[in-house]
Amino acid sequence: MEFFKPGKYYNFLGISKPLLMVSALLVAASWGLVATKGLNFGIDFAGGTEALLAFNEKVDIGELRTEMEKVGLDAPEMVVYGFSDTGKYFVRSRTQSLLTEAEKTTLKAAIVAKYGEPTLWDVTDESGELIRVQFAEAKTVDGLTAVVQSAGFKTGAATKQTEAQNPIYNLALPGVRDRLVAAMSAKYGRAVQKADGTYGTEGKFTTIERLESVGSAVGKQMRNQGILAVLYALIGILLYVSFRFDLRYSPGAVLALVHDVSITIGIFSITGTEFNLPIIAALLAIVGYSLNDTIVVYDRIRESLKMGLGDNLRETINISVSDCLSRTVLTSVTTFLAVLAIYVYGGGIIQNFAFAMLIGVVIGTYSSIYVASPAVVAMDRYLKSREVDGPAPSAA
């Protein structure tokens with residue numbers, strides 16, 4: 001299928017200068033937005049909790065969100081899990097711990113009343129489910145467990161962290177899972193699991209199928225690793241294009257990829273769309289897609305140069321881009337439609353990934369023509385100027 005008549009050539013580079021200026025402004029604006037407004041980091045990068053709640057029938061999402069807020073989850077996001085509402089709901093919140101300051105104070109007061117002031121009281125655990133405590137003299141694990149439970153933590157328990165003469169004790173408190181199970185059971189009733197794995201009809205709530213919590217320190221580490229992944233990909237591409245072609249081509253390929261990634265990130269910043277690990281995967285996918293488009297154009301330029309097409313490099317590039325224009329448009333349109341279907345029907349979990357890919361397909365197609373190709377002309381002019389200038393003659 002041909003969208004464009006074979007043998008007809010378009011002057012793409014004739015409008016490349018104003019478009020390059022627009023691209024430069026968009027890239028600068030994107031990083032300006034990131035520096036001032038920032039990105040709406042998701043749980044993967046900022047820390048928080050994700051849970052998949054299962055019920056044996058549909059429940060009202062608005063009512064379920066209210067219950068999550070009562071438990072203590074901050075601004076919980078509720079999404080129906082799957083293509084239809086079968087009683088499974090995905091919950092996301094920035095909350096990492098449900099242990100309140102009042103509960104910490106109550107527990108410490110109970111400890112002090114029983115054993116006196118501890119020499120160590122460490123509440124820095126990010127999960128909020130563990131408190132480290134030490135006394136001037138050793139205590140019994142059973143005694144500490146009884147104090148924890150008497151303070152209102154019915155499922156709390158104490159264990160020894162070390163077996164020293166004066167050990168440190170870990171006070172394990174009810175975590176997010178325990179509190180969610182208790183709250184859902186109280187609100188909707190708990191269905192009992194039968195021997196065959198099915199659930200009865202005593203209540204609506206069945207179980208928490210999955211729960212993940214990410215601390216802020218771990219989130220920061222994952223964010224840094226994601227940034228490094230994109231940088232390493234760009235460096236690897238620079239080396240690959242340098243070996244496959246020559247120095248005229250590689251800067252343009254990398255410049256186009258930086259352009260695509262920057263504008264995609266800028267759109268995420270201005271829209272406030274959640275930025276998480278799947279978006280890093282989307283950025284890497286955009287890099288791969290855009291590079292493939294650029295390599296196709298570069299291959300055609302190289303072939304055209306060997307065949308002697310065009311009176312100069314600019315004309316050769318126009319001929320080459322025109323020759324593969326139908327292929328570029330077909331690939332971009334089919335990819336865009338496929339990703340659009342994922343965006344519309346994929347649900348909340350994968351929707352942001354698809355949103356990034358939609359941006360990347362459009363920007364990547366544009367950059368392979370109006371960023372990567374003009375860069376070849378600029379590099380060719382620069383390299384020829386260096387050859388003409390040559391090294392300065394040495395003094396006789």
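The rules we used
Counting starts from 1 at the beginning of each chain's written sequence and moves along it residue by residue. At least 70 in pLDDT is required for a residue's local features to be given in this predicted model, at least 80 for side-chain atom pairs to be given and counted, and no such filter applies to totals for whole chains, interfaces and linings, which use all residues. With hydrogens and water set aside, each side-chain value is computed from the structure's full complement of heavy atoms. Lines fitted to C-alpha atoms define the axes here, with helix axes fitted over just the stretch in contact, and angles between the N-to-C directions of these axes take values from 0 to 180 degrees. Helix numbering and strand numbering both begin at the N terminus, where a helix is a DSSP run of H or I of at least 4 residues and a strand a DSSP run of E of at least 2. Here the angle decides the label: under 35 degrees means roughly parallel, over 145 means roughly antiparallel, 65 to 115 means roughly perpendicular, and every other value means oblique. Working rule for handedness: look at the near helix, and if it is turned counterclockwise from the far one by less than a right angle, call the crossing left-handed; if clockwise, right-handed. Whether two residues are in contact is decided by their heavy atoms: any pair within 4.5 Å suffices. Gly is placed with the polar residues, together with every amino acid not listed as nonpolar (Ala, Val, Leu, Ile, Met, Phe, Trp, Tyr, Cys and Pro) or charged (Asp, Glu, Lys and Arg). The definition of a nonpolar core used throughout is a set of buried Ala, Val, Leu, Ile, Met, Phe, Trp, Tyr and Cys residues joined through side-chain atoms within 4.5 Å. For the exposure calls, accessible area comes from a 1.4 Å probe over protein chains only, and a residue counts as buried if that area is under 20% of its type's maximum, exposed if over 50%, partly exposed in between. As a per-residue measure, pLDDT reflects the predictor's confidence and takes values from 0 up to 100. Between any two strands, pairing holds if DSSP finds at least two bridges. By definition here, a salt bridge exists when the distance from a side-chain nitrogen of Lys or Arg to a carboxyl oxygen of Asp or Glu is within 4 Å.

Considerations on the packing of helix α4 (residues 101-115) against helix α5 (residues 141-150)
Next up, step 1: Running from N to C, α4 and α5 cross one another at 135°; their axes reach a closest spacing of 9 Å. If you check the angle between α4 and α5, you find them oblique. Helix-helix and strand crossings are classified by hand; for α4 and α5 the assignment is right-handed. Facing α4, whose interface residues are Leu107, Ala110, Ile111, Lys114 and Tyr115, α5 presents Gly143, Leu144, Val147 and Val148.
Next up, step 2: Here the contact of α4 with α5 is built from residues that sort into 7 nonpolar, 1 polar and 1 charged.

Some points on the nonpolar core
Next up, step 1: Residues Val241, Tyr249, Phe268, Phe275, Leu283, Tyr298 and Ile317 are the most contacted members of the largest nonpolar core, which totals 49 residues.
Next up, step 2: Counting only elements with at least two residues in this core, the list comes to α7 (216-244), α8 (250-271), α9 (277-307), α10 (313-323), α11 (325-345), α12 (348-370) and α13 (372-389).
Next up, step 3: Top contributing element to this core by residue count: α9, with 11 residues.
Next up, step 4: Apart from residues lying up to four places away in sequence, Phe268 is in contact with Leu39, Thr273, Glu274, Phe275, Ile279, Asn352, Phe355, Ala356 and Ile359.
Next up, step 5: Formed by 19 residues, the second largest nonpolar core is a distinct cluster that contains Met78, Val91, Leu180 and Tyr188.

Remarks on α5
Next up, step 1: Of all the positions in α5, only Gly143, Leu144, Thr145, Val147 and Val148 are classed as buried.
Next up, step 2: A positive backbone phi angle near 110° is found at Gly152, which sits one or two residues after α5.

Notes on the confidence of the model for the protein chain
Next up, step 1: Taken over all residues, the pLDDT of the protein chain has a mean of 84, while the share at 70 or more is 92%.
Next up, step 2: Taken element by element, the predicted model of the protein chain shows its lowest mean pLDDT in helix α2 (residues 43-46) (79) and its highest in helix α1 (residues 16-36) (93).
Next up, step 3: Counting contacts from residues 392-396, a segment whose pLDDT is below 50, to residues more than four positions away or on other chains yields 0 contacts.

Observations concerning the environment of Thr365
Next up, step 1: You can see Thr365 is positioned in helix α12.
Next up, step 2: Separated by 23 residues in sequence, Thr365 and Ile342 place their C-alpha atoms 20 Å apart.
Next up, step 3: Ignoring any residue separated from it by four or fewer positions in sequence, one finds Thr365 in contact with Tyr289, Asp293, Thr328, Ser332 and Gly360.

Considering the sheet that holds strand β2 (residues 48-55)
Next up, step 1: In spatial order, the strands read β3-β4-β2-β9; together these 4 strands make up an open sheet with antiparallel pairing. Each of the sheet's edge strands pairs with one partner strand only, and the pair in question is β3 (77-80) and β9 (205-214). The average undirected angle you get between the axes of adjacent strands in this sheet is 20°.
Next up, step 2: In this fold helix α3 (residues 61-71) packs onto β2, β3 and β4 (88-93), with an angle of close to 145° to the strand it touches most, β3.
Next up, step 3: Packing against the sheet, helix α6 (residues 176-188) makes contact with β2 and β9, and its axis sits at approximately 150° to β9.

Regarding unusual backbone geometry
Next up, step 1: A positive phi angle, near 45°, is found at Ala75, a position not held by glycine.
Next up, step 2: Within the secondary structure layout, Ala75 lies in the loop between α3 and β3.

Some remarks on the pattern of salt bridges
Next up, step 1: One pass over the full model with this rule turns up 17 salt bridges.
Next up, step 2: In this structure, Lys204 engages Glu57 in a salt bridge whose closest nitrogen and oxygen atoms are separated by 3.9 Å. Of this pair, Lys204 sits in the loop between α6 and β9 while Glu57 is found in the loop between β2 and α3, placing the two residues 147 residues apart along the sequence.
Next up, step 3: A salt bridge links Lys384 to Asp380, with the nearest nitrogen and oxygen atoms 3.3 Å apart. One end of the pair is Lys384 and the other is Asp380, both in helix α13 and 4 residues apart, which spans about a single turn.
Next up, step 4: According to the relative accessible area criterion, Asp380 is buried, its value standing at 11%.
Next up, step 5: Several salt bridges share partner residues, and in doing so they unite Glu50, Glu77, Arg92 and Glu274 into one network.

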